[in-house]
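One-letter residues, chain by chain:
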Amino acid sequence: MGSDKGKATSPSSAVSEKVRTRLEELDDLEEGSQRELLNLSQQDYVNRIEELNQSLKEAWSSDQKVKALKIVIQCSKLLSDTAVIQFYPSKFVLITDILDTFGRLVYDRIWTMCSDPHPPPEGFSPDDVNDTAKETCLNWFFKIASIRELIPRLYVEAAILKCNRFLSRSGIQETLPRLTAMIRGIGDPLVAVYARAYLCRVGMEVAPQLKDCLNKNFFDLLASFRQIHGDSVQSQLVLQRVEVPAYLTLYSPAIHWILQCVSYRAPEALLMEMMERCKKLGNNALLLNSVMWAFRAEFIATRATDFITMIKQCDEAGFPKHLLFGSLGRSLASADPPEAERLSILNDAWKVITKIRSPQDYINCAEIWVEFTCRHFTKREVNAVLADIIKHMTPDRAFEDAYPQLQSVIRKILTYFHDFSVLFSMERFLPFLDMFQKDSVRVEVCRSIMEVFIKHQQEPTRDPVILNALLHVCKTMHDSVNSLTLEDEKRSLALLINGFIRLVSFGRDFEQQLSFCVEARATFCNLEPVIIQLIHTVNQLAMETRRVMKGNHSRKTAAFVRACAAYSFITVPSLTSIFSRLNLYLLSGQVALANQCLSQADAFLKAAVSVLPEVPRSMLVEGKQRCTESLLLDFINNFMATLLVVPDHPEQGVLYLVRGLLNMVQDYTWEENSSAKVRVYVSALPLLAAMSQETYLYTIPKVDSNETLYGGDPKFMAEINKLCDTLIGQVLDHLKALGNGEGLRKQSSLAFSLFNALLAHGDLRNNKLNQLAVNLWNLSHKHGHCDTRTAVRTLEHIKHLAQQPELNHLGEIIPRLALQSRA
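Participant: A description of the pairing of strand E2 (residues 624-627) should follow, citing residues and the corresponding values.
Facilitator: Pairing of strand E1 (residues 618-621) with E2, which is carried by four bridges, proceeds in the antiparallel orientation. Paired with serine 618 across the bridge in E2 is cysteine 627.

Here's what the structure looks like:
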């Protein structure tokens, strides 16, 4: 070994001298280092073990192999100490981690020695290993064999068990039975069972095909069970004030692991043999519990009745029966017992569960069996289970310490019951929800209910039981919102509530649907996305009324549509989002117009115009300040598209809504150096041109637009022309103001936009308008900022239009439209 280098050896050294030296090296452990692990807190102990693990790696990397071995031996000795018996499983995990590290280091070192000059094949044999590697490997085994104490010798040899591959084909096969027999020499049954667990784990890693050793460990375990009730163990428990049930649970992880190794891909006959051996032991609840944990769920479920019989025969004082039924319930949640036995299984289990006095023990077991009940029975049995849980968990508010288990009960019920009319018809379901009195938990449960409802509810519902219950659930989520609630949380809750609202439908009972929306508005007033959804729902309701009535309005229908409009008109102002208000005013106005409610449509559109001055020049969007100019322009363009079909109010002037909009645009405080205002003016020209047509581009059935009201009246046409002249004059004034410096690019773009508006909507047979179009074209090209490709395509389009007889006058201006290259 590395630490042996440089040591002089006498030629006459005898083998006995070598053995003596080796023993002295390994016994040269600092007693103080072992004593310092006494009287430590659990966390300090964990930290110290981690330090030893790190020291092992450092010693190895610095070629101090003997020191590394000493550390491993020192740690292994700690596994014989049960002074703090309840900490033993945790200590076992910590120390075997160090042993595993050591085993890997030794194996990798020998493998490296075998790789000179070429690494051996993956399925190598001892014949592929060179003499140096074999000698080093033997040296390690000799040193370990020299350890005087049984437990460290056993653990350290097990840690390097894999290294037998370098020495002999049958090395592992011969070593495992020997190590299994060595464990019989360990007097403490707890220490012994964990030693067996470690040996089984290592054996499964290096030689999973050697099942005989695993079985032998299991049968030795059965033989040692009588020690648990011996005087030595009982005296130790009295000294440490540990109760027998608590002590027995310390065995469970180790026995679980042994049985998992044994049962892995085991034939049915072997499992049956093991079960029979367990029966012969009689009254061994600890072993029975591990069998139910480790064996395949299908195996347990098929024999569930037999296991219940065995559980009944166990002594309650040794190992609590509720833990046994809990283990059985876990298996039955994954595999189904015979159908004829299911009811008797549930009855037998619940007779034991309901007698558990400790609320925590009760709910731990009941929560497991809820899944079996939901999986195989109807709402009647599930309701009975919920009633029993409420009965046990309500006294002394025991439910406050069991929220995770109670949440698990809800999740399992929701997994199997997707028909919410059945779910809410359970008398004890809502009282069960009332036990969730911690706000955060209550909201989480309500959220899970709504997620399942939205996912699985295929058709809209009007069931009053469902609606009342889910309104209560949604109200709980809504009422959790306060000033500290994050926006993401609000958005998430609103999505769920909106999903519920969309799944509520009263068919053709439109008044009932509107009443629901009125109630929901009052209930969910703090979540703006929900209010927006309700307004959309009411507008859809008004349109649905129109569709069902096929446009034939009775007085009752007209009154209902006006009620929908009133709902929206009252609700929209409560929104804080300015653009939500604008868009919903516009949408509601369009719906009212479609339903021939002209005065309501007029009120909505006027309200939208009155709100426009409130639009800020910038607003916070996703944590960043964003300019609102583009959003405002988009809205104004949509608004103007609607104005084409809106008839003038008889008591107002001609085009009063158009004038009101343009006055607002004139008075609005736009961004400095912005051309947004005059772009609105340019966008208004197509609207005015469309209004001057004898037949409008689009109309609303049974609504007389201005084309019908004015019928091409010269005064009406004169007003349009006058307004167009005013707008064009405003745009031309702005173009002059952009005539120098950085404004030239904007001037080019704006001039080209106005040119396109005149080309598409103006009568260019008018000489004055014709000359203006040419001037705008030339202005857009004057300083070389116009996009040449766009200009070329526009010119080609004009040439194409000029070929049409009614537009041949365009041919006269084409020669005057010159393309200019950029300066």
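What follows picks up the thread again.
Participant: Give a detailed account of unusual backbone geometry, specifying residues and quantitative values.
Facilitator: A positive phi is found at leucine 655, a non-glycine position, where the angle reads about 55 degrees. In this structure leucine 655 comes out as buried when scored by relative accessible area, which is 1%. Residue lysine 702 is not a glycine yet carries a positive backbone phi of 65 degrees.

Participant: Describe the side chain of threonine 523, listing the residues and the values that go with them.
Facilitator: Along the chain, threonine 523 falls in helix H28 (residues 510-523). Overall, threonine 523 belongs to the buried group, its relative accessible area being 16%. Polar side-chain contacts of threonine 523 include one of 2.8 Å to the backbone oxygen of glutamate 519. Those residues in contact with threonine 523 that sit more than four places away from it in its chain are Lys475 and His478.

Participant: So what about helix H10 (residues 211-223)? Which residues, and what values?
Facilitator: End to end, H10 covers 19 Å across 13 residues, agreeing with the expected 18 Å (1.5 Å per residue, within 8%). Regarding H10, the residues found buried are Cys213, Leu214, Asn215, Asn217, Phe218, Phe219, Asp220, Leu221 and Leu222. Packed against the buried residues of H10 are helix H8 (171-183), helix H9 (189-206), helix H13 (252-263), helix H14 (268-281) and helix H15 (285-294).

Participant: Outline the confidence of the model for the protein, listing residues and values.
Facilitator: Scored by pLDDT, the protein comes out at a mean of 87, with 93% of its residues at no less than 70. Here helix H2 (residues 31-35) is the element of the protein with the lowest mean pLDDT, 46, and helix H22 (residues 403-416) is the one with the highest, 96. pLDDT under 50 marks residues 1-15. Its contacts with residues more than four places away, or in other chains, come to 16 contacts. Below a pLDDT of 50 lies the segment residues 29-33, which in the model reaches four contacts outside its immediate sequence neighbourhood of four places, other chains included.

Participant: So what about the packing of aromatic side chains? Which residues, and what values?
Facilitator: Following the criterion strictly, the structure yields 32 aromatic pairs and no others. When the centroid spacing of 5.0 Å and the interplanar angle of 40 degrees are considered together, the rings of tyrosine 107 and phenylalanine 166 count as tilted. Pair noted here: tyrosine 107 is in helix H5 (residues 88-114) and phenylalanine 166 is in the loop between helix H7 (150-159) and H8, with a separation of 59 residues, a long-range link. For the pair tyrosine 107 and phenylalanine 166, a shared accessibility class is recorded, and that class is buried. Aromatic side chains phenylalanine 372 and phenylalanine 377 sit 6.0 Å apart centroid to centroid with 65 degrees between the ring planes, which places their arrangement in the edge-to-face category. An aromatic cluster is present here, built from Phe420, Phe424, Phe429, Phe453, Phe500, Phe506 and Phe516 joined pairwise through their rings. Between lysine 65 and the ring centre of tryptophan 60, over which it is positioned, the NZ or CZ distance is 4.9 Å.

Participant: Which residues make up the packing of H7 against H8, and what values go with them?
Facilitator: Interaxial distance between H7 and H8 falls to 11 Å at its minimum, and their mutual angle equals 155 degrees. Judged by the angle between their axes, H7 and H8 are roughly antiparallel. By crossing handedness, the relation of H7 to H8 is classed as left-handed. Every residue of H8 that contacts H7 at Leu150, Arg153, Leu154, Glu157 and Ala158 is listed here: Thr175, Arg178, Leu179, Met182 and Ile183. Of the residues assigned to the contact of H7 with H8, the class counts are six nonpolar, one polar and three charged.

Participant: I'd love a proper account of the nonpolar core, names of residues and values included.
Facilitator: Among the nonpolar cores identified, the biggest contains 290 residues, and Phe218, Tyr247, Trp369, Ile389 and Phe500 are the most heavily contacted of them. The element best represented in this core is H9, accounting for twelve residues. Not counting residues up to four positions away in its chain, the partners in contact with isoleucine 389 are Tyr362, Ile363, Ala366, Val370, Leu406, Val409, Phe432 and Met435.

Participant: Which residues make up the environment of valine 106, and what values do they have?
Facilitator: Tracing the chain through its elements places valine 106 in helix H5. Spatially, the C-alpha atoms of valine 106 and tryptophan 140 are 8.5 Å apart, while their sequence positions differ by 34 residues.

Participant: Describe the pattern of salt bridges, listing the residues and the values that go with them.
Facilitator: Counted according to the given criterion, the structure contains 24 salt bridges. The partner of aspartate 100 in a salt bridge is arginine 201, with the nearest N and O atoms 2.5 Å apart. Highlighted residues: aspartate 100 in helix H5 and arginine 201 in helix H9, separated in sequence by 101 residues. With a shortest N-O distance of 3.7 Å, lysine 312 and aspartate 348 are connected by a salt bridge. Taken as a pair, lysine 312 in helix H17 (residues 304-313) and aspartate 348 in helix H19 (residues 342-353) lie far apart in primary sequence, 36 residues in all. Assessed through its relative accessible area of 48%, lysine 312 is described here as partly exposed.

About the cut-offs
- Residues numbered from 1 in each chain as written.
- Predicted model: local features only at pLDDT ≥ 70, side-chain atom pairs only at ≥ 80, totals over all residues.
- Heavy atoms only, no water.
- Pairing = 2+ DSSP bridges.
- Helix = DSSP H or I, 4+ residues; strand = E, 2+ residues; numbered from the N terminus.
- Buried < 20%, exposed > 50% of the residue type's maximum accessible area, 1.4 Å probe, protein only.
- Polar contact = N/O pair within 3.5 Å; in protein donor to acceptor, adjacent residues only side chain to side chain.
- Contact = heavy atoms within 4.5 Å.
- Expected span 1.5 Å × (residues − 1).
- pLDDT = per-residue confidence, 0-100.
- Phe/Tyr/Trp six-rings, centres within 6.5 Å; stacked < 30°, edge-to-face > 60°.
- Lys NZ or Arg CZ within 6 Å of the ring centre and 35° of its normal.
- Axes fitted to C-alpha atoms, helices over the stretch in contact; angles between N-to-C directions.
- Parallel < 35°, antiparallel > 145°, perpendicular 65-115°, else oblique.
- Left-handed = near helix turned anticlockwise from the far one by under 90°.
- Nonpolar A, V, L, I, M, F, W, Y, C, P; charged D, E, K, R; others polar.
- Core = buried A, V, L, I, M, F, W, Y, C linked by side-chain atoms within 4.5 Å.
- Salt bridge = Lys/Arg side-chain N within 4 Å of Asp/Glu carboxyl O.

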